[in-house]
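# Coordinates in review
Residue-level listing of the chains:
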Amino acid sequence: MKKIALVTGAGSGIGRASALALGAAGYTVVLTGRREQALQFTVEQSPEFASQFAVIPADVSQPESVKALFAQIKADYGRLDVLFNNAGIGAPAVPIEEITFDQWQAVVGVNLTGAFLCTQEAFRLMKAQSPQGGRIINNGSISAHVPRPNSAPYTATKHAMTGLTRSASLDGRNFNIACGQIDIGNALTEMTQKWADTGTTQADGSHRIEATMNVKDVADAVVYMAGLPLSANVQFMTVMATKMPFIGRG
C-alpha cells in the first residue's frame, strides 16, 4: 500500500525539497501552502514523479482551511501516514519593542498555531484509520535551541514547537502515532541565501557570512525519519551546516 504524506509550506525551500524527496522515495505527497502557483512549481521540478503529487492550497493558520485540507485528504486517500509540519515565516529583524502585534500574531499563527491545527487533524485521522497510526515530523529549527539577535517571534514559536512535539509524542503513544522533530541550521534556501552572500548579524553585534549546507541533505533526513517503522522514532535530530555558529554561538 502506497503511503500518503502531507508537507506544509511545500511551495519553497525545505518544504519543496522534502516534498520532492518524499515523492522520489515512493510516497504519494500532498503539497499545501497559501500560494497555489508556488506549489505547482514544486511539482514541475520533478516531472518523472508528477503523478505522485497532489496540490491542495490551504492556510494552516486558519482552522476551517485546515479542516477542509484534511477532509480532502480523507476523501481522496482514506488515510495519512506522514505529516511534515514545515510551514513557517519570520518577522522583521528589529528590536523586540518595535515588533507590532500583527507581526507577532502572523508568526505565531503560521509557525505554532498552524502546526497545532495540522497535528490535531492528523491525530483525528490517524486514530480512526486502519491500520491505525502514522508519523508527524515537526520542523523545529536551530532556533528551537538558541535565538538569533532580534528574532523573538520566530524563536518563541520554535521553542514552543519542541513542547508540541513532546506532547504529541506522548499523546500519540497509545495510538501508534510517532512524533519527532528535525532542527535545521543554515540549509541553503531562498531565505538563507543572504547569509551566504552578504552575512547576518551575530550575537556579539558583528556581521558575518555564515556557512550553509545543501537543502537536499535536510530532505534526505526527513525521508529517513518518515521511513522508519512506527515501532521506532527519531525524537529529535539536528541537521546543520558543519561550520555555522551554533555550538559556541555568542
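Quick summary incoming for the structure in this document. (Residues numbered from 1 in each chain as written. Predicted model: local features only at pLDDT ≥ 70, side-chain atom pairs only at ≥ 80, totals over all residues. Heavy atoms only, no water.)

Once that is clear, we can look at the sheet that holds strand β3 (residues 53-55). Note on sheets: strands pair through backbone hydrogen bonds, and any given pair is parallel or antiparallel. Reading across from one edge, β3-β2-β1-β4-β5-β6-β11 is the order of the seven strands in this open sheet, with parallel pairing throughout. For this open sheet the edge positions go to β3 and β11 (236-240), each flanked by a neighbour on one side alone. Taking each pair of neighbouring strands and ignoring which way they run, the sheet shows an average axis angle of 20°. Sitting on the sheet, helix α4 (residues 101-128) touches β1 (4-8), β4 (82-85), β5 (134-139) and β6 (177-185), and the angle it makes with β4 is about 175°. (Pairing = 2+ DSSP bridges. Helix = DSSP H or I, 4+ residues; strand = E, 2+ residues; numbered from the N terminus. Axes fitted to C-alpha atoms, helices over the stretch in contact; angles between N-to-C directions. Contact = heavy atoms within 4.5 Å.)

Once that is clear, we can look at the pairing of β1. Taking burial as the measure, the five residues of β1 include five buried ones, the bulk of the element. With burial as the criterion, each face of β1 is covered, one bearing Ile4, Leu6 and Thr8 and the other bearing Ala5 and Val7. Where β1 and strand β2 (residues 28-32) come together, five bridges link them in parallel fashion. Among the inter-strand pairings, leucine 6 is bridged to a residue of β2, identified as valine 30. (Buried < 20%, exposed > 50% of the residue type's maximum accessible area, 1.4 Å probe, protein only.)

Another point: the packing of helix α1 (residues 13-24) against helix α7 (residues 215-227). Contact pair α1 / α7: the axes reach a minimum separation of 8 Å and the direction vectors enclose 55°. In terms of their interaxial angle, α1 and α7 are classed as oblique. Every pair of crossing elements has a handedness; the one defined by α1 and α7 is right-handed. Of the residues in α7, those in contact with Gly13, Ile14, Ala17, Ser18, Ala21 and Leu22 of α1 are Val215, Val218, Ala219, Val222, Val223 and Ala226. (Parallel < 35°, antiparallel > 145°, perpendicular 65-115°, else oblique. Left-handed = near helix turned anticlockwise from the far one by under 90°.)

In this model, α4 (28 residues) spans 38 Å end to end at C-alpha, consistent with the 40 Å of a helix rising 1.5 Å per residue. At glycine 109, α4 shows its maximal bend, which comes to roughly 40°. (Expected span 1.5 Å × (residues − 1). Bend = angle between axes of the 7 residues up to and from the residue.)

As a rule of thumb, nonpolar side chains are buried together in soluble globular proteins. Residues Val29, Leu31, Ile137, Ile182 and Val218 are the most contacted members of the largest nonpolar core, which totals 37 residues. Listing elements by their share of this core, those giving two or more residues are β1, α1, β2, α2 (36-44), β4, β6, α7 and β11. Here this core gets seven residues from one element, more than from any other, and that element is α7. Grouped together as the second largest cluster of nonpolar side chains are 25 residues, Ala58, Leu80, Ala87 and Ala168 included. (Core = buried A, V, L, I, M, F, W, Y, C linked by side-chain atoms within 4.5 Å.)

Such coordinate-based values are descriptive only and should not be taken to indicate function.
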